Amino acid sequence: MPTPLIVANWKMHKTVSEAVDLVQEMLPDLRVIPEIQVAVAPPFVALSAVGVVLREAGLFLAAQNMFWEQEGAYTGEISPVMLRDLGCRFVILGHSERRQYFGEGDGEVGRKVHSALQEGLVPILCVGETLGEREYGKTFEVIERQMRGGFEDIVLDSGEELVIAYEPVWAIGTGKTSSPEAAQEVHGFIRGLLGNVLGEKVSEKIRIIYGGSVKPDNVDALMAMKDINGALVGGASLDVDSFSRIVNFGRD
Ligand code: 13P
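Remember, predicted model here, so these are calculated numbers, not experimental data.

## Describing the packing of helix 5 (residues 106-118) against helix 7 (residues 139-150)
Phase 1: The N-to-C vectors of helix 5 and helix 7 enclose an angle of 45°; their axes lie 7 Å apart at closest approach. Considering the angle they form, helix 5 stands oblique to helix 7. Counting all contacts with helix 5, which are made through Asp106, Gly110 and Val113, the residues of helix 7 involved are Arg145, Gln146, Gly149 and Gly150.

Here's what the structure looks like:
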């Protein structure tokens, strides 16, 4: 079983000082759980300051996006080299909000995944269907396309170098979560795809985490599923009590 991974995606919330206050408030609850990995993805501008606090506590820093080049004339972009330098371990790539609002396609996401791996970052590749795609029975087709686009020709030494986040778009920020069984069905499908491309041994070690309205009251049932190895948490990760309960999944 891979080590469970819980990632807080703070999206475009919190100034630098607010982010530092929030992570400091969370620390006492987060550092007492040695058997899971916890990562926090604050906005770019807060990576440095939040990273200092996390590092001291043995927790991981994650970025929410990056460009694929190492450096160059790309005004406004952030490179994987810069993220490594700040101590980032993970980078979220292809989040549905990037695909929806910033026009990112599978090709761009794939280039970013390659570049992240090359620079020693662990990409968290996000995939997920819209409500319309689900209703038309296209869920598996969409996931397969996003998976193939996201990591074509990738060679991994170990499954720990890659994380897949299944985030059904209709469940993000809506309070509607996928049922644990429906999520497991897609996670199992993703595991199968990974097995076909990378071999069963590597695929078993890859964390496939679930995102989309993960809350204290649904995390236990989701995490009890065989192929759900963690959670990518948006709204509930901005609240100290909620996030603390989520990282303590399965306990009373
Ligand atoms: P919510 O937990 O707010 O639904 O957001 C999920 C998400 O998009 C995490 O990346």
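## Structural notes on the pattern of salt bridges
Phase 1: One pass over the structure, following the stated rule, counts 12 salt bridges.
Phase 2: With its nearest N and O atoms 2.9 Å apart, the salt bridge here joins Arg98 to Glu104.
Phase 3: In this structure, the salt-bridge partner of Arg145 is Asp106, at a minimum N-O distance of 2.8 Å. On the criterion of sequence distance, the pair formed by Arg145 in helix 7 and Asp106 in helix 5 is long-range, its members being 39 residues apart.
Phase 4: Arg145 sits in the partly exposed class, given a relative accessible area of 45%.
Phase 5: For Asp106, a relative accessible area of 17% gives the class buried.

## Regarding the site of the ligand
Phase 1: With respect to spatial proximity, the complete set of residues near the ligand consists of Asn9, Lys11, His95, Glu167, Ala171, Ile172, Gly173, Gly212, Ser213, Leu232, Gly234 and Gly235.
Phase 2: Residue Lys11 places a side-chain N or O atom 2.8 Å away from an oxygen atom belonging to the ligand.
Phase 3: Measuring from an oxygen atom of the ligand, one finds a backbone N or O atom of Ser213 at 2.8 Å.
Phase 4: When the ligand sits alone it has 310 Å² of accessible area, and the protein chains cover 96% of it.
Phase 5: Class assignment for the residues of the shell around the ligand results in 3 nonpolar, 7 polar and 2 charged.

## Points about the pairing of strand 3 (residues 60-63)
Phase 1: As paired elements, strand 2 (residues 37-41) and strand 3 share 2 bridges and run parallel to each other. When the bridges of strand 3 are listed, Ala39 appears paired with Phe60.
Phase 2: Handedness of the strand 2-helix 2 (residues 47-57)-strand 3 crossover: right-handed.
Phase 3: Bridging between strand 3 and strand 4 (residues 88-93) involves 3 bridges; their strand directions are parallel. Looking across to strand 4, one finds that Leu61 is bridged to Cys88.
Phase 4: A crossover connection joins strand 3 to the parallel strand 4 through helix 3 (residues 80-85); in handedness this β-α-β unit is right-handed.

## Some points on helix 7
Phase 1: Taking 1.5 Å of rise per residue, 12 residues should cover 16 Å, and helix 7 covers 16 Å from first to last C-alpha, within 8% of that figure.
Phase 2: For helix 7, every residue scored as buried is listed here: Thr139, Val142, Ile143, Gln146, Met147 and Gly150. Buried positions in helix 7, seen along its axis, are confined to an arc of 130° and lie on one side of it.

## With respect to the environment of Gly159
Phase 1: Within the secondary structure, Gly159 is located in the loop between helix 7 and strand 6 (163-166).
Phase 2: The exposure class assigned to Gly159 is buried, which follows from its relative accessible area of 1%.
Phase 3: Here the alpha-carbon distance between Gly159 and Glu204, two residues 45 residues apart in the chain, equals 7.3 Å.
Phase 4: If sequence neighbours within four positions are ignored, Gly159 has contacts with Val202, Lys205 and Ile206.

## A short note on the sheet that holds strand 4
Phase 1: What the 8 strands build is a closed barrel, ordered 1-2-3-4-5-6-7-8; its pairing is parallel. The average angle at which neighbouring strand axes cross in this sheet is 25°, direction not considered.
Phase 2: Packed on one face of the sheet, helix 7 meets strand 5 (122-127) and strand 6 and runs near 155° to strand 5.

## Describing the environment of Val16
Phase 1: When you line up the elements, Val16 lands in helix 1 (residues 16-30).
Phase 2: Taking the C-alpha atoms as reference points, Val16 and Pro42, separated by 26 residues in sequence, lie 8.8 Å from one another.
Phase 3: Dropping the residues within four chain positions of it, Val16 is found in contact with Val45, Ala46 and Ala49.

## Points about the nonpolar core
Phase 1: Ile6, Met147, Phe151, Ile164, Ile190, Leu194 and Phe243 are the most contacted members of the largest nonpolar core, which totals 68 residues.
Phase 2: With 7 residues, the single largest contributor to this core is helix 1.
Phase 3: Ignoring sequence-local partners within four residues, the contact set of Phe243 consists of Ile6, Ala8, Met26, Leu30, Val38, Val233, Ala236 and Ser237.
Phase 4: Ranked by size, the runner-up nonpolar core spans 14 residues in total, among them Leu5, Ala39, Ala165 and Ile209.

Criteria and thresholds
- Residues numbered from 1 in each chain as written.
- Predicted model: local features only at pLDDT ≥ 70, side-chain atom pairs only at ≥ 80, totals over all residues.
- Heavy atoms only, no water.
- Axes fitted to C-alpha atoms, helices over the stretch in contact; angles between N-to-C directions.
- Helix = DSSP H or I, 4+ residues; strand = E, 2+ residues; numbered from the N terminus.
- Parallel < 35°, antiparallel > 145°, perpendicular 65-115°, else oblique.
- Contact = heavy atoms within 4.5 Å.
- Salt bridge = Lys/Arg side-chain N within 4 Å of Asp/Glu carboxyl O.
- Buried < 20%, exposed > 50% of the residue type's maximum accessible area, 1.4 Å probe, protein only.
- Near = heavy atom within 4 Å.
- Polar contact = N/O pair within 3.5 Å; in protein donor to acceptor, adjacent residues only side chain to side chain.
- Areas by Shrake-Rupley, 256 points an atom, 1.4 Å probe, with all protein chains shown as cover.
- Nonpolar A, V, L, I, M, F, W, Y, C, P; charged D, E, K, R; others polar.
- Pairing = 2+ DSSP bridges.
- Right-handed = clockwise from strand over helix to strand, strands pointing away.
- Expected span 1.5 Å × (residues − 1).
- Arc of directions from axis to C-beta.
- Core = buried A, V, L, I, M, F, W, Y, C linked by side-chain atoms within 4.5 Å.

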